[in-house]
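Coordinates in review
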Amino acid sequence: MESDSGDVPSSAAVATPVGVGIPTPPSRLSPSGAGTFEQCPRRWRMRYVERLPDPPGEAALAGSFAHRVLELFMQRAPEERTVEAAKVIAREEWPDVEADEDYKALRYDETTAKQFRWKAWKAIEGLWTLEDPTAVEVRATEQDVRADLGGVPFRGIVDRLDQEGDGLVVTDYKSGKAPSPRYRRGRLDQVLLYAAAVQEATGEMPVHARLLYLGQRPVGIRVTQDELDGVVEKLAGTWSAINAACATDEFEPRTGPLCSWCPYVDRCPEGMKEAEKRQAKRDAEASARNDVEAQIER
Ligand code: SF4
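Scoring rules and cut-offs
- Residues numbered from 1 in each chain as written.
- Predicted model: local features only at pLDDT ≥ 70, side-chain atom pairs only at ≥ 80, totals over all residues.
- Axes fitted to C-alpha atoms, helices over the stretch in contact; angles between N-to-C directions.
- Helix = DSSP H or I, 4+ residues; strand = E, 2+ residues; numbered from the N terminus.
- Parallel < 35°, antiparallel > 145°, perpendicular 65-115°, else oblique.
- Left-handed = near helix turned anticlockwise from the far one by under 90°.
- Contact = placed C-beta atoms within 7 Å.
- Nonpolar A, V, L, I, M, F, W, Y, C, P; charged D, E, K, R; others polar.
- Core = buried A, V, L, I, M, F, W, Y, C linked by C-beta atoms within 7 Å.
- Buried ≥ 20, exposed ≤ 12 C-beta atoms within 10 Å, placed from the backbone.
- Pairing = 2+ DSSP bridges.
- Near = placed C-beta within 6 Å.

1. Re the packing of helix α1 (residues 31–39) against helix α9 (residues 225–248)
When two helices pack together, their arrangement is given by the angle between the helix axes and the distance between those axes. At a closest axis distance of 10 Å, the pairing of α1 and α9 adopts a crossing angle of 65°. Here α1 is positioned roughly perpendicular relative to α9, judged by the angle of their axes. In terms of crossing hand, the pair formed by α1 and α9 is left-handed. Here Ala34, Phe37 and Glu38 of α1 come into contact with α9, specifically with Leu235, Thr238, Ala241 and Ile242. Residue classes in the contact of α1 with α9 are distributed as 5 nonpolar, 1 polar and 1 charged.

Here is the structure:
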């Protein structure tokens, strides 16, 4: 799932708030918490230490709704997993979305609310382009896995654990855009960590781990001990860096293209500069394009 436990810091999972002395590391590290730190330590501090709000945008909210519907849907008996059943669940769950403060903050009118529901429904319906839900043997949904991975107190929530033949498969839904081949392997770290945690917690090593990009394609990997050791080693490195940053309260800003979408950019001078630089570049490119088009039209 895109938003695992690390996305919504619980009181048990966040570091010591600012103003209460040197931050202490969180009690557990999730893939998204690790990913945020790897992306930018300062952003991690603002989110997990200062607990500044990071409101989900439209895409994340629509994705959460689709996840919820699919979770309830896949808990049904296989023969009951029809498109009609998914529609009924979506209708039943919709009032919860409307009551959500983050959804209300989007201030949709009737037309934009309809577009939002349509987008979420397309993600839900996109499951059928990837698999026949009636043929899936589900062992668990929204499985909370906690394990010690290479000395890291890990926590993740697995969307689905499936039985395929004699093996266990870790499955996670994605409602965002499927990555190009160049970025596919990196995206699989999350499900490989889930597989490592399942192995640690149950003694059973999953045979496969996959991301289902709803309406697009699956991206998967055969699970091997080498792959698991690799992601656990990387996680341990991140955990060690988090501990070191907390000990000194030094969280470097790591500027880059994502600064333009960072919810904390207005509190981060380096990020602000980076975002402005990139905006100026985009403006210059757009202006150059317009000049060329004007010359062609003349
Ligand atoms: S604006 Fe950029 S550098 Fe600053 S916290 Fe956000 S991601 Fe990090």
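2. Looking at the nonpolar core
Across soluble globular proteins, nonpolar side chains show a tendency to be buried alongside one another. Judged by nonpolar contacts, the single largest core of 58 residues is most densely connected at Leu192, Tyr194 and Ala195. When neighbours within four sequence positions are excluded, Leu192 is seen to be in contact with Ala209, Ile221, Val223, Glu227, Leu228 and Val231. Core analysis: the next-biggest nonpolar cluster, separate from the first, contains 5 residues, Cys259, Cys262, Tyr264 and Ala275 among them.

3. A few points about the pairing of strand β2 (residues 152–164)
One ladder, built from 11 bridges, connects strand β1 (residues 137–149) with β2; its direction is antiparallel. Counted as the bridge partner of Val145 is Gly156 from β2. A loop of 2 residues connects β1 with β2, the two strands running antiparallel in sequence, and Gly150 in this loop sits at a positive phi of about 55°. Here β2 pairs with strand β3 (residues 167–174) via 5 bridges, running antiparallel.

4. What to know about the site of the ligand
Near the ligand there are 14 residues, and of these Cys40, Cys259, Cys262, Cys268 and Gly271 occur at the shortest range. Of all the elements in the fold, those that place two or more residues in the shell around the ligand are α2 (41–49) and α10 (269–297). Of the residues assigned to the shell around the ligand, the class counts are 8 nonpolar, 2 polar and 4 charged.

Taken by themselves, the reported measurements are silent on function.
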